[in-house]
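This is what each chain is made of:
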Amino acid sequence: MSNLEDKPPFEVTVWEPHSLPPNLRSDEHPIFLFRVGTVEGQWYQNDLDYCILSCINREQGNGHFGILVDYFEESCRRDKLNLRFVEIMNERFLKHLIEKRGFVKKGADAIKYF
């Protein structure tokens, strides 16, 4: 794990899904937007997992994706939750999570148990 004090901050805000009708919005599990340097996406928390819905790395090779994973893993250990990437469609990304980051495939998701 890297020293998170020297890294880009984990920025977060609640996603305001104005395009969704009120009956489809969830106050129980709100969706958040995150950004760590050049990596941004959406996540939510349920009773078992931190779930990453989307993740875009605008500049590969600068280490910001690894820093994002470090932030989430630290939170998972603290909160006793798992880390889940939801509905992965990119096979190369799935392979990276499994081979380099310790995730396992579960359906269309990749999950790391803590």
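This write-up is about the structure you can find in this document. Quantities reported herein were computed from a predicted structural model and do not represent experimental measurements. (Residues numbered from 1 in each chain as written. Predicted model: local features only at pLDDT ≥ 70, side-chain atom pairs only at ≥ 80, totals over all residues. Heavy atoms only, no water.)

1. Some thoughts on the sheet that holds strand β6 (residues 104–106)
Backbone-to-backbone hydrogen bonds pair the strands of a sheet. The strands run either parallel or antiparallel.
Right, on to step 1. Strand order in the open sheet formed by seven strands is β1-β2-β3-β4-β5-β7-β6, with mixed pairing between adjacent strands. This sheet does not close on itself; its edge strands, each paired only once, are β1 (11–14) and β6. Recorded for the sheet is a direction-independent mean angle of 30° between the axes of neighbouring strands.
Right, on to step 2. The pairing of strand β3 (residues 39–45) with strand β4 (residues 49–57) spans seven bridges and is classified as antiparallel. Looking at the pairing, Glu40 lines up with Ile56 of β4.
Right, on to step 3. Strand contacts of helix α1 (residues 64–79): β2 (32–36), β3, β4, β5 (82–85) and β7 (109–112), with the helix running at about 170° to β4, the strand carrying the most contacts.
Right, on to step 4. Contacts from helix α2 (residues 91–101) reach β5, β6 and β7 within the one sheet, and its direction differs from that of β7 by about 15°. (Pairing = 2+ DSSP bridges. Helix = DSSP H or I, 4+ residues; strand = E, 2+ residues; numbered from the N terminus. Axes fitted to C-alpha atoms, helices over the stretch in contact; angles between N-to-C directions. Contact = heavy atoms within 4.5 Å.)

2. Thoughts on the pattern of salt bridges
Right, on to step 1. Following the criterion strictly, the structure yields seven salt bridges and no others.
Right, on to step 2. Of the charged contacts, one joins Arg77 and Glu73 as a salt bridge, the two residues approaching to 4.0 Å between their closest N and O atoms. Taken together, the positions of Arg77 and Glu73, both in helix α1 and four residues apart, correspond to about one turn of that helix.
Right, on to step 3. Since its relative accessible area comes to 44%, Arg77 is described here as partly exposed.
Right, on to step 4. For the salt bridge of Asp109 with Arg84, the shortest nitrogen-to-oxygen distance reads 2.9 Å. Pair noted here: Asp109 is in strand β7 and Arg84 is in strand β5, with a separation of 25 residues, a long-range link. (Salt bridge = Lys/Arg side-chain N within 4 Å of Asp/Glu carboxyl O. Buried < 20%, exposed > 50% of the residue type's maximum accessible area, 1.4 Å probe, protein only.)

3. Things to note about the environment of Tyr71
Right, on to step 1. Within the secondary structure, Tyr71 sits in helix α1.
Right, on to step 2. Judged by relative accessible area, Tyr71 falls into the buried class, the value being 15%.
Right, on to step 3. When the C-alpha atoms of Tyr71 and Phe10 are compared, they prove to be 7.4 Å apart, with 61 residues separating the residues in sequence.

4. Observations regarding the packing of aromatic side chains
Right, on to step 1. With the rule as written, the count across this model stands at 12 aromatic pairs.
Right, on to step 2. On the numbers, 6.0 Å between centres and 80° between planes, the contact of Phe34 with Phe72 is edge-to-face. Residue Phe34 is located in strand β2, and its partner Phe72 is located in helix α1; the two are separated by 38 residues in the primary sequence.
Right, on to step 3. By relative accessible area, Phe34 is classed as buried at 3%.
Right, on to step 4. On the basis of relative accessibility, which here comes to 3%, the residue Phe72 falls in the buried class.
Right, on to step 5. Counting every residue linked through ring pairs, the aromatic cluster contains Phe10, Phe32, Phe34, Trp43, Tyr50, Tyr71 and Phe72. (Phe/Tyr/Trp six-rings, centres within 6.5 Å; stacked < 30°, edge-to-face > 60°.)

5. Structural notes on the pairing of β7
Right, on to step 1. Going residue by residue along β7, you find Asp109 and Ile111 tucked away on one face and Ala110 and Lys112 tucked away on the opposite face as well.
Right, on to step 2. Pairing between β5 and β7: three bridges, direction antiparallel. Bridging across to β7, Leu83 finds its partner in Lys112.
Right, on to step 3. Bridging between β6 and β7 involves three bridges; their strand directions are antiparallel. Opposite Val104, over in β7, you have Ile111 as the bridge partner.

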